[in-house]
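Notes for the structure review
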Amino acid sequence: MTVNSDAAGGPVQAGHALGPRYKWIALSNTTLGMLMATINQSIVLIALPDIFRGIGLNPLSPGNTSYLLWMFMGFLVVSAVLVVSFGRLGDMFGRVRMYTLGFAIFSVASVFLAVTWMHGADGAMWLIVWRVVQGIGGAFLFANAAAIVTDAFPANQRGTALSVNSIAAIAGSFIGLILGGVLAPVNWHLIFLVSAPIGVFGTVWAYFMLHDIGMRKHAQMDWWGNLLFAAGLIAILVGITYGLLPYGGHPMGWTNPWVLTALFGGLALLIIFVFVETRVAEPLFRISLFRIRAFTAGNIASLMLAMGRGGMQFMLIIWLQGIWLPLHGYSFSQTPLWAGIYLVPLTTGFLLAAPLSGVLSDKFGAKPFTVGGALLTGASFLLLIFVPVDFAYWEFAAVIALNGFGSGLFFSPNWAEMMNSVPADRRGAAGGMIATFQNSAFVLSIGIFFTLMVAGLSSKLPAALYGGLTAQGVPAATAAPISHLPPIGVLFASFLGYNPIQQLLGPLLHQLPAAHAAYLVGREFFPHLITAPFHSGLGIAFGFAIAANVIAAIASALTGRRTPVPATREPLGYELAAVAGEGGFEPSELVVPEESTEPPDKPGLGQGWFASRLSVQVSRALRCQECSGVEKAILATTTP
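Residues numbered from 1 in each chain as written. Predicted model: local features only at pLDDT ≥ 70, side-chain atom pairs only at ≥ 80, totals over all residues. Heavy atoms only, no water.

In terms of regular secondary structure, the chain is built from 24 helices and five strands. Counting only residues that meet the buried cut, the chain has 58% of its 640 residues in that class. Element-wise, carbon and sulfur atoms account for 69% of the exposed surface of the chain, whose accessible area totals about 24200 Å². (Helix = DSSP H or I, 4+ residues; strand = E, 2+ residues; numbered from the N terminus. Buried < 20%, exposed > 50% of the residue type's maximum accessible area, 1.4 Å probe, protein only. Areas by Shrake-Rupley, 256 points an atom, 1.4 Å probe, with all protein chains shown as cover.)

Encoded structure:
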C-alpha cells in the first residue's frame, strides 16, 4: 500500500492522519468493546426470572430446563468455539476489519433481542438464536481486541494497556449483574436494548478511527481445521451443558449415553484436529506456538485460573440468594439485584490490582505477579471454606476482595507475557487461542462446580429436606419423593431468585395449616435447611478451585526468564508504534508478503527479501526528513 507524508512529517493513510494519540484511541475502543461484550455475558443471569415471566414460560419445568441453560450458556459456547477462527481471520484480512464486523453483528443482535414479541417456547427459541448471534459478534471482539492493542503499543507499555482491557472484561461481568437487576424489573427488554446504541457508536467509531497497523499475511482458510475444531468443541461444551441435567434417576446427566457420546466424540474430533493442524500449510490453530515456553505455560496458567474462577460466581450468587440474603430480611424476589450489589468487593479488588500489576509488570517482569496472583487467589478460596454460611458481611467482603485482587494481579501480566512471546504476524491467532482456552474453561468450570456442589448436596440434602418438611406437617408420602428430587433444581431455583420450597410444594401448600405453610415459604425455613448440605458441597467445589490455582502458580513459574524484545527483530508495525509512543508519528497499515515474514537468518531466503526490505527502509527515510533524532535512530537500527 502507499503511505504519504503530511506536512508535519507523519504518515497519512487513506486520508487519515494517524497522530500520536492513536494508541489511546485503539485502547479506548477495544475497552468499550470488551466492556459491552462481558456486560452482556452476565446481564442475562440476573434478568432470567423477568425474561421467563415476560415470555410466559416456567424455566424450572422439566421440559423447559434446556431453555434455561441455553439462555445463558449459548453466548459462552459460541464465543468459545469461534474465537480462534476469528483471530485467524484477523491475521489474514485485518484485525480492525474483523473487530469492526464483530461490533456490527453484536449491535444487530441486540436490536433483535430487544424487539422480541413472541411468547412461550417460540419466544425462548428466538432469544436463544439471537444470543448465539451475539456470541458470534462477541467472538470477533474477543479474538482481535488484544491483538489490536498489542499492535498499537510498544512492548514496554503493553502490560499497562492490556490491564485496561482486562479491567473492562472483569468489571463488565459484574456491572452486568447489577445492571440486569436494575433494568429487568422495569422491563426485561431493556437489558438487550441498552447494548444497541453503544454497539452502533462503537461500530462507527471503530470503522472511521481504527486502522490495521499490524502485520497481515494473506493465506488460505483451513476449512478442515475449522470444521473439526468447531464440531469437537461444540460437542464437548454441549455435553457439559446437558450433563448438568438429571438423567435416569441420577441427580446429574453424566451417565446419559448422549452426553458421553458428545464428550468422548468431541475429544476424538479434537485429537484428529491436532493431527490435521500439523499437516496443513496454513493451520487454524498454530500448534507451533506451543513450542514457545512462555506461551504454553501462560496458557496452562490462564486455563487453570479460569477453571478455578468460572463457576465461583455462580456459587457465590447461590450462597447469597439462597441463604444469606433471605436470612437477613430480603425476599426471594429481591435477591438477584442485591446479590450483584453485595458482590461489588470482588470487582473492586480486581480493579485495584489490575492496573497496578500492569504497570509494575512492564518494569519488573510478569512472573512475580502471575505466581503471586494465582497463590493469593487460591488462598482466598481456602478462606472462603472457613467463612460461616451465615457470615458477618465484612469478613465475606474482605475474602472476595482478596480473591479479586489476586486475579487482578495475575490477569494482565499473564496476557501480556503470552502476547509478547509470539511473532507479530501471529498475534491475532494467539489472541484467539488464548480467548478460546479462557472461554472454554469458563463453561467447563461451571460444569465442574455444579457437579461437585450437587455431589456434596446429594449426600445430605435428602435427609435434611425430608426431616424439615415432615416437621412442618407435610405428609411423609409427599415429603419422601420431594426430598429425593435432583438437587440441581434447588440450585437453579435459588439462582433464579425463586423460593425453592414454594416451587417444590406448589399446590400442596394449600393443604397445610396456614401457619406451617407461611413458615415453609418464609425467609428462614429453606436457608436454615440447606446451610449444612450447602457448606459441604461448597467445601468440595472450593477445594477444586484451590488445586486449580496452585497448578496455575506452578505453570506461571515455568514461563522462563523475562527476555527483552530486541529492536532489530521487531516487525515494522511495532517499530512505528514504538516511535508513536514517543510522540513522533503514527504507524500505518502493513500487508506483509508471505516470503517477507521469514527471519533474515533463515537459510535459502534469497535476495528478494532484502531488496524489498531495503526499499521499504529507503522510502521511509526519504519521507522522514523532519523526523526527530529518536525516530531516525529507530529507522537506522531497522535497516537491513
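Picking up where we left off.
All told, the structure shown has two salt bridges when counted by the stated rule. The shortest N-O distance in the salt bridge between Asp 50 and Arg 53 comes to 3.2 Å. Residue Asp 50 and its partner Arg 53 are located together in helix α1 (residues 22-55), separated by three residues, close to a single helical turn. Classification of Asp 50 as buried rests on a relative accessible area of 18%. With a closest N to O distance of 2.4 Å, Arg 95 and Asp 151 form a salt bridge. With Arg 95 in helix α3 (residues 95-114) and Asp 151 in helix α4 (residues 120-152), this pair connects stretches of sequence that are 56 residues apart. (Salt bridge = Lys/Arg side-chain N within 4 Å of Asp/Glu carboxyl O.)

As a packed pair, helix α5 (residues 158-183) and helix α12 (residues 335-342) sit with axes 8 Å apart at the nearest point and diverge in direction by 150°. By the angle between their directions, the pair α5 and α12 is classed as roughly antiparallel. Viewed along their axes, α5 and α12 form a crossing whose handedness is left-handed. Facing Leu 177, Ile 178, Gly 181 and Val 182 of α5, the residues of α12 in contact are Leu 337, Gly 340 and Ile 341. Across the contact of α5 with α12, the residue classes break down as five nonpolar, two polar and no charged. (Axes fitted to C-alpha atoms, helices over the stretch in contact; angles between N-to-C directions. Parallel < 35°, antiparallel > 145°, perpendicular 65-115°, else oblique. Left-handed = near helix turned anticlockwise from the far one by under 90°. Contact = heavy atoms within 4.5 Å. Nonpolar A, V, L, I, M, F, W, Y, C, P; charged D, E, K, R; others polar.)

All right, on to the packing of helix α10 (residues 293-310) against helix α21 (residues 525-557) then. Two numbers describe how α10 lies on α21: the axes approach to 8 Å, and their chain directions differ by 165°. On the basis of their axis angle, the class for α10 and α21 is roughly antiparallel. Classified by chirality, the crossing of α21 by α10 is left-handed. Between α10 and α21, the contacting residues are Ala 297, Ile 300, Ala 301, Met 304, Leu 305, Met 307 and Gly 308 on the first element and Phe 544, Ala 545, Ala 548, Asn 549, Ile 551, Ala 552, Ala 555 and Ser 556 on the second. Its residues placed into classes, the contact of α10 with α21 shows 12 nonpolar, three polar and no charged.

Once that is clear, we can look at the side chain of Thr 335. Position of Thr 335 relative to the elements: it lies in helix α12. On the accessibility criterion, Thr 335 (0% relative accessible area) is buried. When residues no more than four places from it in sequence are discounted, the contact partners of Thr 335 are Gln 321, Leu 325, Pro 326, Tyr 330 and Gly 497.

A surface patch of nonpolar side chains, about 460 Å² in accessible area, is lined by Val 108, Val 111, Phe 112, Val 115 and Trp 117. Topologically, Phe 112 is positioned in helix α3. Relative accessible area serves as the criterion here: at 33%, Phe 112 is assigned to the partly exposed category. (Patch = residues over 30% accessible without salt bridge, like charges linked within 9 Å, V, L, I, M, F, W, Y side chains within 5 Å.)

The next point concerns the nonpolar core. Residues Trp 319, Phe 450 and Phe 542 are the most contacted members of the largest nonpolar core, which totals 167 residues. Not counting residues up to four positions away in its chain, the partners in contact with Trp 319 are Trp 324, Leu 384, Val 387, Pro 388, Val 389, Phe 391, Phe 396, Phe 534, Leu 538 and Phe 542. In terms of nonpolar packing, the next biggest core, distinct from the first, is built from 12 residues, Leu 305, Ala 306, Met 307 and Ala 553 among them. (Core = buried A, V, L, I, M, F, W, Y, C linked by side-chain atoms within 4.5 Å.)

Moving on to the packing of aromatic side chains. For any two aromatic rings, the description comes down to two numbers: the centre-to-centre distance and the angle of the planes. Throughout the structure, instances matching the rule amount to 34 aromatic pairs. Measuring from centroid to centroid gives 6.4 Å for Phe 350 and Phe 411, while their planes differ by 65°, and the two rings are edge-to-face. With Phe 350 in helix α13 (residues 344-364) and Phe 411 in helix α15 (residues 393-421), this pair connects stretches of sequence that are 61 residues apart. Take Phe 411: its relative accessible area is 17%, and that puts it in the buried class. Every member of this aromatic cluster is reached through a ring pair, and the members are Trp 319, Trp 324, Tyr 330, Trp 338, Tyr 342, Phe 391, Tyr 393, Phe 396 and Phe 534. (Phe/Tyr/Trp six-rings, centres within 6.5 Å; stacked < 30°, edge-to-face > 60°.)

Moving on: helix α17 (residues 476-483). Among all positions of α17, only Ala 479, Ile 482 and Ser 483 are buried. Down the axis of α17, the buried set is contained in an arc of 95°. They therefore lie on one face. (Arc of directions from axis to C-beta.)

What follows is about the side chain of Asn 256. Mapped onto the secondary structure, Asn 256 falls in the loop between α8 (223-243) and α9 (257-277). Judged by its relative accessible area of 15%, Asn 256 falls in the buried class. A distance of 2.9 Å separates the side chain of Asn 256 from the backbone nitrogen of Trp 258, its partner in a polar contact. (Polar contact = N/O pair within 3.5 Å; in protein donor to acceptor, adjacent residues only side chain to side chain.)

Another point: the environment of Pro 423. As for its placement among the helices and strands, Pro 423 is situated in the loop between α15 and α16 (427-471). Taking relative accessible area as the criterion, Pro 423 reaches 39% and is therefore assigned partly exposed. Residues Pro 423 and Leu 289, 134 residues apart in the sequence, show an inter-C-alpha distance of 8.9 Å. If near-sequence neighbours (up to four positions away) are discounted, Pro 423 is found in contact with Leu 289 and Ile 292.

Mean pLDDT over the chain stands at 77; residues scoring 70 or higher make up 83%. Per-element mean pLDDT across the chain ranges from 34 in helix α22 (residues 572-581) up to 93 in helix α14 (residues 367-386). Note on residues 1-17: pLDDT under 50 across the span, and 31 contacts to partners over four residues away in sequence or across chains. (pLDDT = per-residue confidence, 0-100.)

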